[in-house]
Amino acid sequence: MDFLFFLNSFLLGIALAVDAFSVSIVNGLGEPKMSLARTSAIAGVYAAFQFAMPLVGWICVHTILMIFSSFQKFIPGIALVLLAYLGVKMIWDAAKNEHDEKDSEGHVLSVGTLLLQGVATSIDALSVGFAIAEYDFFVALVSVLIIAIVTFALCFCGLKIGKKIGERFSARAQIFGGVILILIGIEIFIRGILSI
């Protein structure tokens, strides 16, 4: 492990965390009164998925490569379906609650929704298993740990940014956030289709 290894892992972490960062902004928009502990926990979930997915990809490369290769073409579609579902649900909930003055806390992110977002924003990281396939297990573990740390930091910042914006725009921010989730899903899908 040299400087170039750490730099590559850091840059890979940034590239993989972009979708999770964007979704974190959306979550902050929808829940402007989110506590620091909750912000850390949500960022931690995204980091855990970005840690696990490349490691699972590495394991697949070293064990069941043929099955993983045939599954890989479905990854962009799965991400699109999950994020589109979450975006439409967020818009629907916001429109339904728009006239409810008691909803000062915003839309509280459920555990199920958070896990779906974690899968949707990190499923493309399975492919990173190919990029780190030449590493032995310990080196691959260090690489995905760096990716997870970068993801945590970016998502934490994204949640903070979203909270600041969400405090000002309330229900409209939740609708905007739902649209962003759908657009992220479309972007992942198009990027995946173009790379096949």
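What counts, and at which threshold
- Residues numbered from 1 in each chain as written.
- Predicted model: local features only at pLDDT ≥ 70, side-chain atom pairs only at ≥ 80, totals over all residues.
- Heavy atoms only, no water.
- Core = buried A, V, L, I, M, F, W, Y, C linked by side-chain atoms within 4.5 Å.
- Buried < 20%, exposed > 50% of the residue type's maximum accessible area, 1.4 Å probe, protein only.
- Helix = DSSP H or I, 4+ residues; strand = E, 2+ residues; numbered from the N terminus.
- Contact = heavy atoms within 4.5 Å.
- Polar contact = N/O pair within 3.5 Å; in protein donor to acceptor, adjacent residues only side chain to side chain.
- Salt bridge = Lys/Arg side-chain N within 4 Å of Asp/Glu carboxyl O.

All right, on to the nonpolar core then. The tendency in soluble globular proteins is for nonpolar side chains to be buried side by side. Grouped together as the largest cluster of nonpolar side chains are 41 residues, with contacts concentrated most on Ile42, Tyr46, Leu83, Ile132 and Leu181. Looking at this core, the elements with two or more residues in it are helix H1 (3-30), helix H2 (36-62), helix H4 (75-97), helix H5 (111-122) and helix H7 (137-195). Here this core takes 13 residues from H7, the largest share from any one element. When sequence neighbours within four positions are dropped, the list of residues in contact with isoleucine 132 reads Pro54, Trp58, Ala140, Ser143 and Val144.

A separate point is the environment of glutamate 31. Among the structural elements, glutamate 31 can be located in the loop between H1 and H2. Note: C-alpha distance between glutamate 31 and lysine 164 (133 residues apart in sequence) is 9.9 Å. At 2.6 Å, the side chain of glutamate 31 and the side chain of arginine 38 are in polar contact.

What follows covers the pattern of salt bridges. Counted by the stated rule, this structure contains 1 salt bridge. Put simply, glutamate 31 and arginine 38 hold a salt bridge, and the shortest N to O gap is 2.6 Å. In this structure glutamate 31 comes out as buried when scored by relative accessible area, which is 5%. Assessed through its relative accessible area of 26%, arginine 38 is described here as partly exposed.

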